[in-house]
Amino acid sequence: MTVIFEKGSELILDDVFLALPDLAPGREVLLKIECMNPAGSIKMKTALALIEDVEAAGALGPGKRVIESSSGNLGIALAAVCTERGYDLTIVTDPNATSDAVAMMRAFGADVRTVTVTDANGGYLGSRLEYIRAALAADPALVWPNQYANPANARAHERTTAPAILKELGHLDALFVGVGTAGTLRGCLDHLRAMNARTRVFAVDTVGSVTFGGEARPRFVPGIGSSRRPELFEDTGDFDKVLVHERDAVRECRLMARRHGLLVGGSTGSVLAAARRLCGGLAEGARCVVISPDSGAKYLKSVFSDPWVAERHLG
């Protein structure tokens, strides 16, 4: 049957999984592929939810412009949604954003501003948010969806990502989710708990991120971790917290490319590293899903570049 969509943003594919039989023998490990969504990542669902939220609140209208902070995927997806709906967009990013990600934002028409001063924790997120707050104070026409605190971020995955997993697979023993804004984590948890699913959820973050309360350290792989705890993150005790070194994330990304012929992004590498470490401790035959937010196409000059990896001692 031929399916014709009216808008690019409608092309959400929530039912694509790749089996990884060699990752944890005796357990069924499935990689949930999100890179086939419009704009190339899971963040298309988030971007749609954020824009629809501010539209419903009446915050967007003639003369209004959107501003948001992003190091990559959300900025790309938001740029695609905004250009589709006729909104001007400014994305505030930092040097950790890959050049390809910035180029994609600009290809969709976004105005990209890069902050270069680190915040108190040695990252850039605090500096990006300071830039946005100053811009909002100076220009009342700007509208900030605020992916870090807006519940619409989590609702997007409560209504799409988690239900899609249960619909396709039925039974799920373990779910591995990377933590950036914590929207995917929170949304999946909310749906699983509402359905009384007996699923063990592993929240995966990177060493150097402060979200789980650890010490801030320099980080280089975008898409996961934070130099400030996002408002959406709640340490409710109903999930396991896992920290992964960036070098392990890089190794997993390269293993996926060489062993499975699939390029995955840095956050996927982090979650795969956590699954490799922990799936073997689950019951024989356990069904585990690892969420892969995006492809590795934007990381060819970073995660997949030998000089980049060597310079940052991530090999």
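Owing to the predicted nature of the structure, the values given are computational and were not obtained by experimental measurement.

## So, the side chain of Lys-32
Reasoning step 1: Position of Lys-32 among the secondary structure elements: in strand 2 (residues 28-33).
Reasoning step 2: A polar atom in the side chain of Lys-32 sits 2.7 Å from the side chain of Asp-14.
Reasoning step 3: Every residue in contact with Lys-32, bar those within four places of it in the chain, is listed here: Asp-14, Val-16, Phe-17, Lys-45, Thr-161, Ile-165, Val-289, Val-290, Ile-291 and Ser-292.

## A look at the state of the cysteines
Reasoning step 1: Counting across every chain of the model gives zero disulfides.
Reasoning step 2: The closest cysteine sulfur to the non-disulfide-bonded Cys-35 is located on Cys-253, 12 Å from its own sulfur.

## Digging into the packing of aromatic side chains
Reasoning step 1: Applying the stated criterion across every chain yields a total of three aromatic pairs.
Reasoning step 2: Taking the centre distance of 4.5 Å and the plane angle of 5 degrees together, the rings of Phe-176 and Phe-202 count as stacked. On the criterion of sequence distance, the pair formed by Phe-176 in strand 7 (residues 174-178) and Phe-202 in strand 8 (residues 200-206) is long-range, its members being 26 residues apart.
Reasoning step 3: Looking at Phe-202, the relative accessible area reads 3%, which means it is buried.
Reasoning step 4: Taking the centre distance of 5.9 Å and the plane angle of 70 degrees together, the rings of Phe-233 and Phe-239 count as edge-to-face. Here Phe-233 and Phe-239 have matching classes, each one buried.
Reasoning step 5: Here the aromatic residues Phe-212, Phe-233 and Phe-239 are joined through ring pairs into a cluster of three or more.

## Re helix 9 (residues 266-278)
Reasoning step 1: In this model, helix 9 (13 residues) spans 19 Å end to end at C-alpha, consistent with the 18 Å of a helix rising 1.5 Å per residue.
Reasoning step 2: Along its buried surface, helix 9 packs onto strand 2, strand 7, strand 8, strand 9 (240-244), helix 8 (246-260) and strand 10 (287-292).

## Thoughts on the sheet that holds strand 9
Two modes of strand pairing occur in sheets, parallel and antiparallel, and in both the strands are linked by backbone hydrogen bonds.
Reasoning step 1: The sheet built from six strands is open, its strands ordered 1-2-10-7-8-9 with mixed pairing. Across the chains shown, the open sheet's two edge strands, defined by having one partner strand only, are strand 1 (17-19) and strand 9. Here the average twist between neighbouring strands, direction ignored, is 25 degrees.
Reasoning step 2: As judged from the six bridges shared by strand 2 and strand 10, these two strands associate in the parallel manner. The partner of Val-29 across the bridge, within strand 10, is Cys-288.
Reasoning step 3: Packed on one face of the sheet, helix 6 (residues 161-169) meets strand 1, strand 2, strand 7 and strand 10 and runs near 140 degrees to strand 10.
Reasoning step 4: Contacting strand 2, strand 7, strand 8, strand 9 and strand 10, helix 9 runs over the sheet at an angle of about 115 degrees to strand 9.

## Comments concerning the sheet that holds strand 3 (residues 65-69)
Reasoning step 1: The four strands lie next to each other as 5-4-3-6, forming an open sheet whose pairing is parallel. Two strands bound the open sheet, and with one partner strand each, they are strand 5 (111-114) and strand 6 (142-143).
Reasoning step 2: Relative to strand 4 (residues 88-93), strand 3 runs parallel, the two sharing five bridges. Within the sheet, the bridge partner assigned to Val-66 lies in strand 4 and is Leu-89.

## With respect to the pattern of salt bridges
Reasoning step 1: In total, this model carries 26 salt bridges according to the counting rule given.
Reasoning step 2: Ionic pairing is found between Arg-27 and Glu-284, a salt bridge with its closest N-O pair at 3.6 Å. Highlighted residues: Arg-27 in the loop between strand 1 and strand 2 and Glu-284 in the loop between helix 9 and strand 10, separated in sequence by 257 residues.
Reasoning step 3: What makes Arg-27 buried here is its relative accessible area of 17%.
Reasoning step 4: Look at the salt bridges and you will find they share partners, linking Asp-14, Lys-32, Glu-34 and Lys-45 into a network.

Rules used throughout
- Residues numbered from 1 in each chain as written.
- Predicted model: local features only at pLDDT ≥ 70, side-chain atom pairs only at ≥ 80, totals over all residues.
- Heavy atoms only, no water.
- Helix = DSSP H or I, 4+ residues; strand = E, 2+ residues; numbered from the N terminus.
- Polar contact = N/O pair within 3.5 Å; in protein donor to acceptor, adjacent residues only side chain to side chain.
- Contact = heavy atoms within 4.5 Å.
- Disulfide = S-S within 2.5 Å.
- Phe/Tyr/Trp six-rings, centres within 6.5 Å; stacked < 30°, edge-to-face > 60°.
- Buried < 20%, exposed > 50% of the residue type's maximum accessible area, 1.4 Å probe, protein only.
- Expected span 1.5 Å × (residues − 1).
- Pairing = 2+ DSSP bridges.
- Axes fitted to C-alpha atoms, helices over the stretch in contact; angles between N-to-C directions.
- Salt bridge = Lys/Arg side-chain N within 4 Å of Asp/Glu carboxyl O.

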